[in-house]
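# Notes for the structure review
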Amino acid sequence: ILNVEQSPQSLHVQEGDSTNFTCSFPSSNFYALHWYRWETAKSPEALFVMTLNGDEKKKGRISATLNTKEGYSYLYIKGSQPEDSATYLCASQYNFNKFYFGSGTKLNVKP
Amino acid sequence: SQTIHQWPATLVQPVGSPLSLECTVEGTSNPNLYWYRQAAGRGLQLLFYSVGIGQISSEVPQNLSASRPQDRQFILSSKKLLLSDSGFYLCAWRMQGAGGYTFGSGTRLTVV
């Protein structure tokens, strides 16, 4: 089992703050990196899939970057809103069915 | 559009009792189907996956089993639950090509 680390474990920010969190993964035999948002009482929802070193994806105020050589990805949220409160999961993929999930970063945005 | 249904949402079962969790997918054919579990404070762990009817791959040895009796139905079972089986169980599907998962809404299982 490969170790995918996410930090911080939890984060409390004020509405309007920008924030970022990290996903670290083994870079050997890497195939793709996935980010999910998991709101309480809902299903995890796919945010981004990235495969190439230097990839950058953006969806509204949320963006993500990927460094496959050193094995990390950053997720950024600009101007956090209360509706951004959720757990953000990353998963590193090594072949079609080998996904390894981190334990998530729980974000709480206070109004 | 594709949807995935998972039930029940919560379950409290005594140690030694059987388990059956069901997951069905609509709006697609021949999906890859998955069962994941999240134990307290840990990441999602893949338990089983299936690429077709009757085909099951097990990722970790445990007290659980899975079956795929129909193309879009995936069942997680146990004959006798252990306390360590408590956790949050998620069913998911993916297409045969690339891309991420579509998850069900999950089942919170507490074994007492």
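Residues numbered from 1 in each chain as written. Chains lettered and ligands numbered in written order. Predicted model: local features only at pLDDT ≥ 70, side-chain atom pairs only at ≥ 80, totals over all residues. Heavy atoms only, no water.

Glancing now at the overall build of chain A. Per the secondary structure count, chain A includes zero helices and eleven strands. Moving toward the C terminus, one meets the helices and strands of chain A in the order β-β-β-β-β-β-β-β-β-β-β. Taking 2.2 N^0.38 as the reference for a compact globule, 111 residues should give roughly 13 Å; the C-alpha atoms of chain A span a radius of gyration of 13 Å, in line with that estimate. A principal-axis box enclosing the C-alpha atoms of chain A has dimensions of 40 × 30 × 20 Å. With 111 residues in all, chain A has 49% of them scored as buried. The contacts in chain A between residues at least 6 apart in sequence include a share of 53% that link residues at least 24 apart. Carbon together with sulfur atoms contributes 46% to the accessible area of chain A, which is approximately 5,500 Å² in total. Side-chain charges of chain A comprise 11 positive and 10 negative groups, with the mean position of each set lying 3 Å from the other. (Helix = DSSP H or I, 4+ residues; strand = E, 2+ residues; numbered from the N terminus. Rg over C-alpha atoms; globule rule 2.2 N^0.38 Å. Buried < 20%, exposed > 50% of the residue type's maximum accessible area, 1.4 Å probe, protein only. Contact = heavy atoms within 4.5 Å. Areas by Shrake-Rupley, 256 points an atom, 1.4 Å probe, with all protein chains shown as cover. Lys, Arg positive; Asp, Glu negative; His and termini not counted. Charge placed at Lys NZ, Arg CZ, Asp CG, Glu CD.)

Moving on to the packing of aromatic side chains. The full count for this structure, using the stated rule, is 19 aromatic pairs over all chains. Relative to Tyr88(A), the ring of Phe21(A) has its centre 5.3 Å away and its plane inclined at 40 degrees; by these criteria the two rings are tilted. Here Phe21(A) is found in strand E3 (residues 19–24), whereas its partner Tyr88(A) is found in strand E9 (residues 86–95), with 67 residues between them in sequence. Here the two residues Phe21(A) and Tyr88(A) agree in accessibility, since each one is buried. Measuring from centroid to centroid gives 5.0 Å for Tyr72(A) and Tyr74(A), while their planes differ by 40 degrees, and the two rings are tilted. Since its relative accessible area comes to 26%, Tyr74(A) is described here as partly exposed. Aromatic ring contacts, followed pair by pair, group Tyr36(A), Phe99(A), Phe101(A), Tyr34(B), Tyr36(B), Tyr49(B), Tyr101(B) and Phe103(B) into a single cluster. The ring of Tyr101(B) is capped by Arg94(B), whose NZ or CZ atom sits 5.6 Å from the centre of that ring. (Phe/Tyr/Trp six-rings, centres within 6.5 Å; stacked < 30°, edge-to-face > 60°. Lys NZ or Arg CZ within 6 Å of the ring centre and 35° of its normal.)

Residue-level contacts link 18 residues of chain A with 26 residues of chain B. The junction of chain A with chain B conceals about 1,500 Å² of combined surface from both sides, 59% of it contributed by carbon and sulfur atoms. Summed over the shared surface of chain A and chain B, the number is one salt bridge. Two residues, Lys98(A) and Glu59(B), come together in a salt bridge whose shortest N-O distance is 2.7 Å. Breaking the side of chain A that touches chain B down by element, the ones donating at least two residues are strand E4 (32–38), strand E5 (45–50), E9 and strand E10 (98–101) of chain A. Tallied by class, residues from the side of chain A that touches chain B come to eleven nonpolar, six polar and one charged. (Buried area = accessible area lost by both parts, 1.4 Å probe. Salt bridge = Lys/Arg side-chain N within 4 Å of Asp/Glu carboxyl O. Nonpolar A, V, L, I, M, F, W, Y, C, P; charged D, E, K, R; others polar.)

This part takes up the side chain of Asp71(B). All names here are of chain B. Its place among the elements puts Asp 71 in the loop between strand E7 (65–70) and strand E8 (73–78). A polar side-chain atom of Asp 71 sits 2.8 Å from the main-chain amide nitrogen of Asn 30. Those residues in contact with Asp 71, other than ones at most four positions away along the chain, are Ser 29, Asn 30, Pro 31, Leu 33 and Ile 53. (Polar contact = N/O pair within 3.5 Å; in protein donor to acceptor, adjacent residues only side chain to side chain.)

Turning next to the pattern of salt bridges. All names here are of chain A. Counted under the stated rule, the structure contains six salt bridges over all chains. Note that Lys 42 and Glu 39 form a salt bridge whose closest N and O atoms lie 3.9 Å from each other. Overall, Glu 39 belongs to the partly exposed group, its relative accessible area being 23%.

A few words on the sheet that holds strand E7 (residues 62–67) of chain A. All names here are of chain A. Taken together, the five strands give an open sheet; going across it, the order is E1-E3-E8-E7-E6, and neighbouring strands pair in antiparallel fashion. Unpaired on one side and paired on the other, strand E1 (5–7) and strand E6 (56–59) mark the two borders of the sheet. With strand direction ignored, the average angle separating the axes of adjacent strands in the sheet is 15 degrees. (Pairing = 2+ DSSP bridges. Axes fitted to C-alpha atoms, helices over the stretch in contact; angles between N-to-C directions.)

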